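Examination of the molecular architecture
Below are the chains, spelled out letter by letter.
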Amino acid sequence: MSKKRVYEIARELGVPSKELIQALAEMGMPGLKAVNTVDEEEAEVIRELFLEHKGQSTVEGAEGEGIPTPVAVEPAPAKQKPKVGEPRPPVVAVLGHIDHGKTTLLDTIRKTHVTQQEAGGITQSIGAYQAEVDGRLITFIDTPGHKAFTAMRARGAQVTDIAVLVVAADDGVMAQTLEAIDHIKAAGVPMIVAINKIDKPEANPDRVRQELAQLGYTPEDWGGDTIMVPVSALTGEGVQDLLEMILLVADMEDIRGDPGGELDAIVIESHMDTARGAVATVIVKNGTLRERDIIVVGTTWGRIRALVDHQGKRIKEAGPGTPVQILGLEDVPPAGERVELVRKPNQAKALVEERRRKALEARRVARPLMTFEDLFEAAQRKRLAVVLKAESMGALDAARLELGTIETEGVDLDVLHAGVGPINESDILLVASVEDAQPLVVGFGVKVDPKARRAADERGIPVRTYDIIYDLTQDIERAMKRLLGPEFVEVKVGEAEVLKTFDIDGVGRVAGCVVRSGKVVRGARVKVLRLGEEVFVGEIGSLKRFAQDVREVQAGRECGIRIRDYDRVQVGDILEIYTLEEVPA
């Protein structure tokens, strides 16, 4: 008997998998997932239930064919937000450990699912390409590695819709696998796991599933939510399944773009070509780019001279989900910059000149690297985002265990990534890409490589290294407490009684007082009490004794007190003098 997956039935019915699964749950069939396999009999039940849910039931016609007939019960009108735009190709990034087959997988997809051109049959590499699967397109970013993935995010650009994590079935989860997972998690995009190298004799896909399940990513066929597809990038086995899963996730995420909407296009790669000048590969996520458009990209601009697709063909326009090379820019823009449409060349020039001027000023007044002592002086948010690196797995486990014991009420400690090895540029880019948090990179028994140091200096990211684990945890705890800001308590230092008042031109009212207890201190806080009730709280602006400015006056002595911004002090008022003392948060 033939088998079908739930998402295939949804496709036959012309609805997203998510809608079908939700309808079945409401009709008494909960727990189904899009990748579940059912036999033809179960598939027919699913079709009938869905049609019934939609206000139709299937009856046998004269010829024995199923004819949809309206049901008497009128369904309640669904309240749904209007969908903007139309479904567009999802943009997919492939990440994973260096030797686990990312590049081979991308090459295999390119060779088997990209329509080759007649001339030479060679697909041009522009940093991205589109694969055709069952009549639909998927855009792959052909720059594997989480450094490129995060560099774009560090500039505020979220180009990727779905991430594919490649894990070798013979190696399992490695240090860079964990790093890639942390980068995907920080990006907040759906993740599909490709368990690669299943053609190898020593391959053990279940070991990979187990290791990922221990990290909180339980496979769907084990009852979890993480799609895992066994593949061989070398032989092509399972690659079609992987592509179908990508389209399934795209359907569930309802990825859309509006060709007539506001332009959202992001640079993923750029270089200077000796013949063609500055060349930038961009992916259009919304709107449309056209030849002759005037664009601004960061601190450069130009009129689009030509648009070239991933097959080297010149095209007139590029809509949502399309990767395309742009020719005609003045200079090479960095990855992650957004492409902006402007109306006139003069407008573009003015915008670019203003940005260049601001960039120059920013370099002149370079943001200094903060010391640990003043790191959180101006902190307004209560989240500490940390990247932790250690010299070995044992040292890393020990450091993570110690960090897990730190508790500071009102402050969250978010370990974005914990890995083995020196602090590198990717670590800096990851922590720089996080919003609404104070960033910090710490190392235990490791060094900071020069590129990472430069990146940290440019972005003002604090980096600290330690040889003693106690010092590391103590500083992290101190940093979290500083995020709360200082707490103060009032400490009474003295009391004075107003005997006389003097109104002096240009100065205001001065109170002639005798200090009844303690002392009066210039600059201290003061409460004015009248008949036992507090009538004003302020600060001592000046303190005099025999016309001389003094710092303090002790009990039993007379003095003249001027209260800042208060000219209504009266004879008989009692002045309570106090200071504010900071206490640990």
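All values derive from a computational prediction rather than experimental measurement. (Residues numbered from 1 in each chain as written. Predicted model: local features only at pLDDT ≥ 70, side-chain atom pairs only at ≥ 80, totals over all residues. Heavy atoms only, no water.)

**Some points on the nonpolar core**
Formed by 47 residues in total, the largest nonpolar core has its most connected members in L20, L105, F140, I192, L242 and I246. Among the elements that line this core, the one with the most residues is helix 8 (residues 239-253), at nine residues. (Core = buried A, V, L, I, M, F, W, Y, C linked by side-chain atoms within 4.5 Å. Buried < 20%, exposed > 50% of the residue type's maximum accessible area, 1.4 Å probe, protein only. Helix = DSSP H or I, 4+ residues; strand = E, 2+ residues; numbered from the N terminus.)

**Examining the sheet that holds strand 10 (residues 191-196)**
An order of 7-8-6-9-10-11 is seen for the six strands of this open sheet, with the pairing classed as mixed. For this open sheet the edge positions go to strand 7 (128-133) and strand 11 (227-230), each flanked by a neighbour on one side alone. Across the sheet, the mean angle separating the axes of adjacent strands is 30 degrees when strand polarity is ignored. Pairing of strand 9 (residues 162-168) with strand 10 involves six bridges; the strand directions are parallel. For V166, the partnering residue across the bridge sits in strand 10 and is A194. Lying on the sheet, helix 4 (residues 102-113) is in contact with strand 6 (91-96), strand 7, strand 8 (136-141), strand 9 and strand 10; it crosses strand 7 at an angle near 55 degrees. (Pairing = 2+ DSSP bridges. Axes fitted to C-alpha atoms, helices over the stretch in contact; angles between N-to-C directions. Contact = heavy atoms within 4.5 Å.)

**Things to note about helix 3 (residues 40-53)**
Its 14 residues place the ends of helix 3 20 Å apart at the C-alpha level, agreeing with the 20 Å of an ideal helix rising 1.5 Å per residue. Every buried residue belonging to helix 3 is among A43, I46, R47, L49 and F50, and all of these are buried. All buried residues of helix 3 fall inside an arc of 170 degrees around its axis, so they share one side. Each element contacted by the buried residues of helix 3 is listed here: strand 1 (3-5), helix 1 (6-13), helix 2 (17-26) and strand 2 (37-39). For helix 3, the side-chain oxygen to backbone nitrogen distance between the N-cap and E41 is 3.2 Å, and the N-cap itself is D39. (Expected span 1.5 Å × (residues − 1). Arc of directions from axis to C-beta. Polar contact = N/O pair within 3.5 Å; in protein donor to acceptor, adjacent residues only side chain to side chain.)

**What to know about the confidence of the model for the protein**
Looking at the protein as a whole, its pLDDT mean stands at 83, while 86% of the residues score no less than 70. Within the model, pLDDT remains below 50 along residues 57-81, and this stretch shows 20 contacts once partners closer than five positions in the same chain are excluded. Across residues 117-123 the pLDDT falls below 50, and counting only partners more than four positions away or on other chains, this stretch makes nine contacts in the model. (pLDDT = per-residue confidence, 0-100.)

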